[in-house]
Amino acid sequence: MIGYVIRRLLLAIPTLLAMLTMVFILVRLVPGDAAVAMLGDRASAQTLQNLRAQLGLDQPIPVQYVRFVTDMLSGDFGRSMTSGRTVMEEVALVLPYTLELALAAMLIGTLLGIPLGVVAAVRRNRWPDYVSRILSLVGLSFPGFVSGILMLLAFAVWLQWLPVMSRASADPLSHLRSLALPALNLGLIMTAYIARVTRSSMLDVMGEDYIRTARAKGVKPRKLIMRHALGNALIPIVTVVGLYFGTLIGNSVLTEIVFTRPGLGKLILGALQSRDYTLLQGLMVVFATFVILVNTATDLIYALVDPRVSYAQ
Amino acid sequence: MTDFAISQSMPARQSSPVLRALRRNRFAWLGIGLLALIVLVAIFAPIIAPYDPLKQNILHRLSPPSADFWFGTDSYGRDVLSRLLYGARISLAIGFLSVLIAMVVGSALGILAGYIGGVFDQIVMGIVDVMLSFPTLLLGLMVAAMLGASFENLIIAIAITETAPFARVARAPTIAMKRRDFVEAGRSLGYTPLHIMRVHILPNILSDIVVVASLWMASAIRTEASLAFIGLGVLPPTATWGGMIREGFDNILSAWWLVVFPSLAILLAVLALNILGDALRDAIDPKTRSQG
C-alpha cells in the first residue's frame, strides 16, 4: 500500500514536467512573440527590446526553457504585467470565491445527482429512468454560460426573485442570495454528470453475483440498494467525479462571467483582454497543477477504498 | 486456404447488429432527425434565410419577434433568424473539422501506441495524460488566445483539446486485437505492421471511435460557442451562435430574444449529437444492446 502511494506520487512528477513543457511551447505559439502581442505592432523597437529583456525572451530557447521550469517548480509562477502582483497573489485574491462556488455546486450535484442516478438504475427502462436520463442528457448538453443566461433571465429578470449581479457582501443572507443562482447553475450541470455516472455504476454493481446472493438470502430491497449496491457503486462514482473536476473548473469560469462574479473566470477574462500573457501562462500552470493533484488524490483515495487497485499494480 | 482461415477467425463485421439495434432505438432517431435538420439548415441557409445576416437596418434595431422578424432583430437591426441560420454553418464546420483532425491524429497515435507498445507507448500515453489534465475549455482558450482567434485557429485549438481522448479510445482495443488469432495469422503471413494496423485493426475498432467522435463533436460545438462567448470566436460581423449571445448579453434586460434563440440553437445542436452518441454507444456495447 505504502509502496503504491509512493509510486503514484512519483508518477505525478513527469506529468508535471510534461505539463510545464507544454505550457512553454503553447506560449511560444504566439505569432511574432509575446512582446509584440502585448504591446502591438506600433510599439517602438526600444520598448519591445525592454519588454523582451524583462520577459527573458532575448535569451536562447533552451535557456528560456530551463529558467521557466525552475521558476515554476520553485513556486514562482510569474508576475501579472498589468497589476504587478504575482500570479499566486492574483489567484489567492479570487480563489475563495471560486472555491465557494465549486463546493456549493458539488454539494448540490451530489445531493441531487446520486438519488437521481440510483432511482434511474433501480427503475431501469421505466419512466423514472427515462426522465432521469433525459434530464441528465439535457444537463450535459448545456454549455455553462447558456444555462446560466437562461437562469438569469428566468429568476433574476422575469421573476425577480434573486439579484442579477452576484456581489460579495458582508451580510450573510444577501451573500447567500447572490451565491444561489451561480451555484444552482453549476450544481445542476454537476447533477447531470453525477446522475449519469451513478446510474451506470449502479447498473454494473446490481448485475454482480453477490447482489443476487443477498437478494436470495432475503435482504430487504431498500437495504440491498442502499448498503450492498450503492456502497460499492460509490467508488467509481468518486473517481469519475474527480475526473470531472476539470469540467467543473471550465464551467465555473463561464458561470462567473455570466453572473459577473469575482473569481478565476474574471481573472482569466481580464488577462485575455489586457493581453497579459505572463498572467495567462501562470494561471494555466496553476490550473493544470491543480487538476493533476486532484487526479493523483483521486487515485490514492480509490486505492485506499478498494485494496484491489494497489495490489494489481 | 490460408485466406479462408483468416477470414473465418476475423470477428464478423459489427455493422449489421449495430444498425439493427439503432433501428429499434427511438432515441437514436430523435438525434439523427435533429442533426439532419441542423445540417440541412446550415447547407441551405442562403435559400431559407429571410434576410441578409449582415445587413444592418438602424430603423428596425432591437425590435422584438414579429411577423416580419420572427426572432426579432439585434442592436444593429440585423435579423436574428437569418444570423442563426448562417451561424449553424460556423458551428457545424468548426465542430466537424476539429473532431475530424482530432480523430485522425488521435486514433493514429492510439493504434500506434497500442500496437508498438514499450517505450513508445509510455511516451505517447504520458503526453495524452498531460493533455487530459488541462481543462478542455482552458486549453482551447489558451491556444486560441495564443494563435489569435480565426476560423482556422479555432479548429486547431479545439482539435488539440480533443486529440487525447481519441488516442485513449483507440489504444485499448488495439492491444486486445493484437493478441487475436487473425492478427497473429496476418503477421505470420508477412504482412507489414502498417498493413495489419490499417486492414485488420482499424476496421474492428472503428465503431468505438465513431461513438466517441459524435460525443466529442458535441463537446467541440460547446467549446466553440463558449470561446465565442468569451470573445475568442470567429471575428464579427460573421454570425456565430456564441458571438450572438455575447453581443446580446449587453441588452439582456431589454431584449431577451437576442440571447434566448441562439442559446436554444446551441442546446439543440449539442443535444442532438449527445443523443446520437449515446444511442450509438448503447448499440455497440453488447451489454446494453438488447434494451432500447
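Data block above holds the structure.
Residues numbered from 1 in each chain as written. Chains lettered and ligands numbered in written order. Predicted model: local features only at pLDDT ≥ 70, side-chain atom pairs only at ≥ 80, totals over all residues. Heavy atoms only, no water.

Caption draft 1: Here's a closer look at a nonpolar patch on the surface. Taken together, the side chains of Phe96, Leu97, Leu100, Ile101, Val104, Val105 and Leu109 of chain B make up a nonpolar region of the molecular surface, amounting to roughly 550 Å² of accessible area. With respect to the helices and strands, the residue Leu100 of chain B is situated in helix H5 (residues 80-116). (Patch = residues over 30% accessible without salt bridge, like charges linked within 9 Å, V, L, I, M, F, W, Y side chains within 5 Å. Areas by Shrake-Rupley, 256 points an atom, 1.4 Å probe, with all protein chains shown as cover. Salt bridge = Lys/Arg side-chain N within 4 Å of Asp/Glu carboxyl O. Helix = DSSP H or I, 4+ residues; strand = E, 2+ residues; numbered from the N terminus.)

Caption draft 2: Geometry of the packing of aromatic side chains. Counted by the stated rule, this structure contains six aromatic pairs over all chains. Plain terms: the ring middles of Phe229 of chain B and Phe249 of chain B are 5.8 Å apart, the flat faces sit at 75° to each other, and that makes the pair edge-to-face. With Phe229 of chain B in helix H10 (residues 193-230) and Phe249 of chain B in helix H11 (residues 241-249), this residue pair connects regions lying 20 residues apart in the sequence. Like Phe249 of chain B, Phe229 of chain B is buried. Taking 5.9 Å as the distance between ring centres and 50° as the angle between the ring planes, the aromatic pair formed by Trp256 of chain B and Phe261 of chain B counts as tilted. Ring pairing ties together the aromatic residues Phe24, Tyr65 and Phe68 of chain A, which thus form one cluster. (Phe/Tyr/Trp six-rings, centres within 6.5 Å; stacked < 30°, edge-to-face > 60°. Buried < 20%, exposed > 50% of the residue type's maximum accessible area, 1.4 Å probe, protein only.)

Caption draft 3: Structural view of the environment of Pro262 of chain A. Residue and element names in this part refer to chain A. Relative to the assigned elements, Pro262 resides in the loop between helix H11 (245-258) and helix H12 (264-273). For Pro262, a relative accessible area of 26% corresponds to the partly exposed category. Along the sequence, Pro262 and Val94 sit 168 residues apart, while their C-alpha atoms lie 6.4 Å from each other.

Caption draft 4: Focus on the pattern of salt bridges. A complete count under the given rule lists nine salt bridges over all chains for this structure. Of the charged contacts, one joins Glu90 of chain A and Arg85 of chain A as a salt bridge, the two residues approaching to 3.6 Å between their closest N and O atoms. According to the relative accessible area criterion, Glu90 of chain A is buried, its value standing at 6%. Exposure remark for Arg85 of chain A: the relative accessible area of 36% places this residue in the partly exposed category. The partner of Asp278 of chain B in a salt bridge is Arg196 of chain A, with the nearest N and O atoms 2.7 Å apart.

Caption draft 5: The arrangement of the interface of chain A and chain B in detail. At the junction of the two partners, chain A supplies 50 residues and chain B supplies 42 residues. In this assembly, chain A packs against chain B so that about 4,100 Å² is buried in total across both faces, 79% of it on carbon and sulfur atoms. Here chain A is connected to chain B by one salt bridge. If you look at where chain A meets chain B, you find three residue pairs in polar contact (both at pLDDT 80 or more). Elements represented by at least two residues in the side of chain A that touches chain B include exactly helix H1 (2-27), helix H6 (127-141), helix H7 (144-158), helix H8 (172-206), H11, H12 and helix H13 (277-305) of chain A. Here the residues of the side of chain A that touches chain B sort into 40 nonpolar, six polar and four charged. (Contact = heavy atoms within 4.5 Å. Buried area = accessible area lost by both parts, 1.4 Å probe. Polar contact = N/O pair within 3.5 Å; in protein donor to acceptor, adjacent residues only side chain to side chain. Nonpolar A, V, L, I, M, F, W, Y, C, P; charged D, E, K, R; others polar.)

Caption draft 6: Inspection of the environment of Thr278 of chain A at higher detail. On the secondary structure map, Thr278 of chain A appears in helix H13. At a separation of 3.2 Å, a polar atom in the side chain of Thr278 of chain A contacts the side chain of Asp276 of chain A.

Caption draft 7: Summary view of the nonpolar core. By size, the foremost hydrophobic cluster in this structure holds 158 residues, and its most contacted members are Phe145 and Leu280 of chain A. For Phe145 of chain A, the residues in contact, after removing those within four places along its chain, are Leu254 and Val258 of chain A together with Ala225, Ser226, Phe229, Ile245 and Ile266 of chain B. (Core = buried A, V, L, I, M, F, W, Y, C linked by side-chain atoms within 4.5 Å.)

Caption draft 8: Molecular detail of a positive patch on the surface. Residue and element names in this part refer to chain A. Taken together, the side chains of Lys217, Lys220, Lys223 and Arg227 define a basic patch exposed on the protein surface. With respect to the secondary-structure elements, Arg227 resides in helix H10 (residues 221-243). The class of Arg227 is exposed, set by a relative accessible area of 57%. (Lys, Arg positive; Asp, Glu negative; His and termini not counted. Charge placed at Lys NZ, Arg CZ, Asp CG, Glu CD.)

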